[in-house]
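# Observations on the model geometry
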Amino acid sequence: MSQVIRVKCTEGQVFELTVEAASLSEVLSDAFDPDEYMDSSGEDTTPIDVTKIRAACLKNVIDYLTHYQQDPMTEITTPLDGDTLQEIIKQDWYRRFIETIDLSMVFQLVTAANYLNIKSLLDLAILRVSIELMGKPVDEIHKILNIPQMTEEEKIQAMEDYKWLFSDSD
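The notes below deal with the structure included here. All chains use their own residue numbering, which begins from 1 and follows the written sequence. This being a predicted model, a pLDDT of at least 70 is required before a residue's local features are given, and a value of 80 or more before pairs of side-chain atoms are given or counted; all residues contribute to the totals for chains, interfaces and linings. Heavy atoms throughout the structure, all of them, feed into the side-chain values; hydrogens and water do not.

Moving on, we get to the sheet that holds strand 1 (residues 4-8). Strand pairing requires that DSSP identify at least two bridges connecting the strands. Segments assigned H or I by DSSP are reported as helices when at least four residues long, segments assigned E as strands when at least two residues long, and all are numbered from the N terminus. If you walk across this open sheet you meet the three strands as 2-1-3, and the pairing is mixed. Lying at the two open borders of the sheet, with one neighbouring strand each, are strand 2 (14-18) and strand 3 (48-49). Pairing of strand 1 with strand 3, which is carried by two bridges, proceeds in the parallel orientation. By the bridge assignment for strand 3, lysine 8 is matched with aspartate 49. Residues are treated as being in contact if the distance between any of their heavy atoms lies within 4.5 Å. Angles here are taken between N-to-C directions and fall from 0 to 180 degrees, while the axes themselves are lines fitted to C-alpha atoms, restricted in helices to the stretch in contact. Running over the sheet, helix 4 (residues 55-70) touches strand 1 and strand 2 and is turned about 10° from strand 2.

The contact between helix 6 (residues 92-99) and helix 8 (residues 119-133) brings their axes to 10 Å, and the two run at 55°. By the angle between their axes, helix 6 is oblique relative to helix 8. In the crossing of helix 6 with helix 8, the sense of the turn from one axis to the other is right-handed. Of the residues in helix 8, those touching helix 6 at Tyr94, Phe97, Ile98 and Glu99 are Leu121, Leu124, Ala125 and Arg128. Think of it as three bins: nonpolar holds Ala, Val, Leu, Ile, Met, Phe, Trp, Tyr, Cys and Pro, charged holds Asp, Glu, Lys and Arg, and polar takes everything else, Gly as well. Its residues assigned to classes, the contact of helix 6 with helix 8 comprises six nonpolar, no polar and two charged. In this scheme, roughly parallel covers angles under 35 degrees and roughly antiparallel covers those over 145, while 65 to 115 is roughly perpendicular and the rest are oblique. Left-handed describes a crossing whose near helix is turned anticlockwise from the far helix through less than a right angle; right-handed describes the clockwise counterpart.

Here the focus is the packing of aromatic side chains. Pairs were defined over the aromatic rings of Phe, Tyr and Trp, the Trp ring being its six-membered one, requiring ring centres within 6.5 Å. Orientation was assigned from the angle between planes: stacked under 30 degrees, edge-to-face over 60, tilted for the rest. Applying the stated criterion across every chain, the model contains six aromatic pairs. Residues tryptophan 93 and tyrosine 94 carry aromatic rings whose centres are separated by 5.1 Å and whose planes lie at 80° to one another, so their mutual orientation is edge-to-face. With relative accessibility at 0%, the residue tyrosine 94 sits in the buried group. On the numbers, 5.1 Å between centres and 10° between planes, the contact of tryptophan 93 with phenylalanine 97 is stacked. With tryptophan 93 and phenylalanine 97 both in helix 6, this residue pair falls four residues apart, about one helical turn. Burial classes: relative accessible area under 20% of the type maximum marks a residue as buried, over 50% as exposed, and values in between as partly exposed (1.4 Å probe, protein chains only). We classify tryptophan 93 as partly exposed; its relative accessible area is 24%. Taken together, the ring pairs connect Tyr64, Tyr68, Trp93, Tyr94 and Phe97 into an aromatic cluster.

Here you go:
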């Protein structure tokens, strides 16, 4: 049987996953010290704190790590092989995983994957965000990303500060 470690989220809830699955995260792998987290019988005694991650997000991260450990996701390469998740992600589990999560949770996954240094999850979550933004008008992108509208003064200042963005290259 695999060794199990415990991970504690922001709300104090504790989740379990195998050491092998946790090793896919550089942060969890580095934080796990058998001498510190296991008692003499091999039982996990102290959870690893990941207090920057909420319970619902951590559950998704652990689901991802557990599945990845058993069936690694094919690397997402660029240029992309299409414009939709169906065209790019061929493995059903990973496609369903990222498609069925609401966008606010995907943003949390981006943060968690970055914090825990899980490159493949970060790539998958960023892919979902980029597909959501593809072809959308600027106002809709601002709304999706929760970017506040600029005042007229801010627009004028931005045009002055970043002339190269607003100049015609013709």
